[in-house]
Amino acid sequence: MEAEQTGRGGVTYRLRDWLISRQRYWGTPIPIVYCAACGIVPVPEDQLPILLPDDVDFRPTGESPLKFHEAFRHTTCPQCGAPAEREIDTMDTFVDSSWYQYRFLSPHYDQGPFDPAEKKWLPVDQYTGGAEHAVMHLLYARFWTKVMRDMGLVDFDEPFPRLYSQGVILGPDGQKMSKSRGNVVEPDPLVDKYGADTVRGYLMFIGPWNEGGPFSMDGIEGIRRFLHRVWDMVLEPPKVDPDAVPAEDEVHRARQRLHQTIAKVTEDLSTFSFNTAIAALMQLSNEMRAWKQTGIVNHAVWQESVLTFLKLLAPFTPHIAEELWARLGQPYSVHTQPWPTWDPELAREETFELVIQVNGRVRDRVRVPADITEEEARELALRRERVQRFLDGKSPRRVIYVPGRLINIVV
Ligand SMILES: [Zn+2]
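Model, not experiment: these values are computed from the prediction. Along each chain, numbering runs from 1 in the same order as the chain's sequence is written. Predicted model: local features are reported for residues with pLDDT of at least 70 only, side-chain atom pairs are reported and counted for 80 or more only, and whole-chain, interface and lining totals are derived from all residues. Here the side-chain values reflect all heavy atoms present in the structure, with hydrogen atoms and water set aside.

## Let's talk about the pairing of strand β14 (residues 406-410)
The condition is simple: For every residue, the accessible area obtained with a 1.4 Å probe (protein chains only) is divided by the maximum for its type, and the residue is called buried under 20%, exposed over 50%, and partly exposed between those limits. Comment: elements are numbered from the N terminus, with helices defined as DSSP H or I runs of at least four residues and strands as E runs of at least two. Strands qualify as paired when DSSP identifies two bridges or more between them.
With five of its five residues buried, β14 lies for the most part within the structure. Here β14 shows no split at all, with L406, N408 and V410 on one side and I407 and I409 on the other all buried. Across four bridges, the pairing between strand β11 (residues 351-358) and β14 is parallel. When the bridges of β14 are listed, V358 appears paired with I409. Summarising the sheet, strand β13 (residues 398-402) and β14 pair through five bridges and their orientation is antiparallel. Its bridge partner being in β14, I400 is matched across the sheet by N408. What sits between β13 and β14 in their antiparallel hairpin is a turn of three residues, with G404 showing a positive phi close to 80°.

## Here we look at the sheet that holds strand β5 (residues 83-86)
Our working definition: Axis geometry follows a simple rule: fit a line to the C-alpha atoms, using only the stretch in contact for helices, then measure angles between N-to-C directions, giving values from 0 to 180 degrees.
Strand order across the open sheet formed by four strands is β3-β2-β5-β4, with antiparallel pairing between neighbours. Here the strands that pair on one side only, and so sit at the sheet edges, are β3 (39-42) and β4 (74-76). Averaged over all neighbouring strand pairs, the angle between strand axes comes to 40°, with direction disregarded. As paired strands, β4 and β5 are joined by three bridges and run antiparallel to one another. Note on β5: the bridge partner recorded for T75 is A84.

## Points about the coordination of the zinc ion
Definition in use: Ligating atoms shown are N, O and S within 2.8 Å of the metal, or 3.2 Å for Na, K and Ca, and water is not included, meaning a site may look less than complete. Any site counts as irregular unless it has four donors with all angles between 85 and 135 degrees, making it tetrahedral, or four or six donors with opposite ones more than 155 degrees apart and the rest between 65 and 115, making it square planar or octahedral.
Taken together, the protein donors to the zinc ion comprise C35 (SG), C38 (SG), C77 (SG) and C80 (SG), at separations of 2.2 to 2.4 Å. Each of the four donor atoms bound to the zinc ion contributes to angles spanning 104 to 113°, and the resulting shape is tetrahedral. Residue classification places C35 among the buried positions, given a relative accessible area of 7%. Among the residues examined, C38 registers a relative accessible area of 31% and is labelled partly exposed.

## With respect to the packing of aromatic side chains
The line we're drawing: Two rings from Phe, Tyr or Trp (for Trp, the six-membered ring) form a pair when their centres are within 6.5 Å of each other. A pair whose planes differ by under 30 degrees is stacked, one over 60 is edge-to-face, and the rest are tilted. Two limits define a charge over a ring: the Lys NZ or Arg CZ must be within 6 Å of the ring centre, and within 35 degrees of the ring normal.
Inspection of the entire model under this criterion finds 15 aromatic pairs. Both rings, one in F272 and one in F274, keep their centres 5.3 Å apart while their planes meet at 40°; by these two values the pair is tilted. Owing to a relative accessible area of 22%, F272 belongs among the partly exposed residues under this scheme. When the ring of F274 is compared with that of F316, the centres are 6.5 Å apart and the planes differ by 70°; the resulting orientation is edge-to-face. Linking F274 in helix α9 (residues 274-291) with F316 in the loop between α10 (300-313) and α11 (318-327), this pair joins segments that are 42 residues apart in sequence. There is no split in this pair, since F274 and F316 are both buried. Through a chain of ring-to-ring contacts, three or more aromatic side chains come together here, namely Y164, W209, F272, F274 and F316. The cationic tip of R59 hangs over the ring face of F68; the distance from NZ or CZ to the ring centre is 4.3 Å. Note that R86 overlies the ring of F72, its terminal NZ or CZ placed 5.6 Å from the centroid.

This is how it looks when you write it as structure tokens:
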């Protein structure tokens, strides 16, 4: 008895009947002919597709211009050959957007809606669009795919296994951009002023991709300066004695930082974490500019680092990456190079900077081995002179340790 009363979860799609006809020109013609004798007659497949006439007369009557196009409207009945009229409504554009991703795979294929050989690309890995599409376009597209599945055209249930919506770029005042607020930032003048790479790089750097954030002129200037520094780093001749030889551990550290950056950028790209990928490239370029003042610039690791850096930069700022790649005499194009790989053993961090807090305030920092234990970190922190000054002879009440990051001594 009890079991029968137990409820269970279910999904309600709220899918309603879909009236697909529109009294508009822009849309796919509905392949139906009205015959006085035969009634409603579907146009036979060998006469499809019906194309829109391209010489319609748009009149401000609120009616479809197809209604006034005599040659389109008047036809013959496919069944009896008598004069007949075409349907002049067209299909809702959601009909097209429900399945264009299939057609795009083989736009010239004429044996069906799409070439079955191209199924290997399906389903689409990720749908990117505003969250508002979840109840409109996505619902239509999902419904359409389920029909295609039932017809045996595809062998999956969902057209887009993953939905990941981008955030909204806000005005400089942190409010949604709107004409009435006067906080709209137009991209085109920015591209004219800074170039497409800077604007594009900035939009990816502005914040977490799925969150967006307020637009900032300082921020875009920061990307501009970064790209200028990269330009100089790659092209300016080094001012180091050409015979200077780097120490072995310097070379090792350089290669390690390079491999760590390859790993970071690769992983961030796969999770759409473009802002942190660019931050990692900024950090590496800062370090590389320091290397350029040393004998590293005379070692093979320098060339390896510069070329790898450009490959990592290429998805974010494609034009400057290609230009620098070409100026280094590399074969066209940087965008068709194999993506760099990394050695996980080499990329593994051997040390980290332990932040030492006393009562929640940062008082000291020290580089420690990556495998330091809590006990060792605690002893080390308590021995530090700056920490002892704040302890003032008192013994800690509590020590909070966050592995790999910080230790907080509460007195
Ligand atoms: Zn007929």
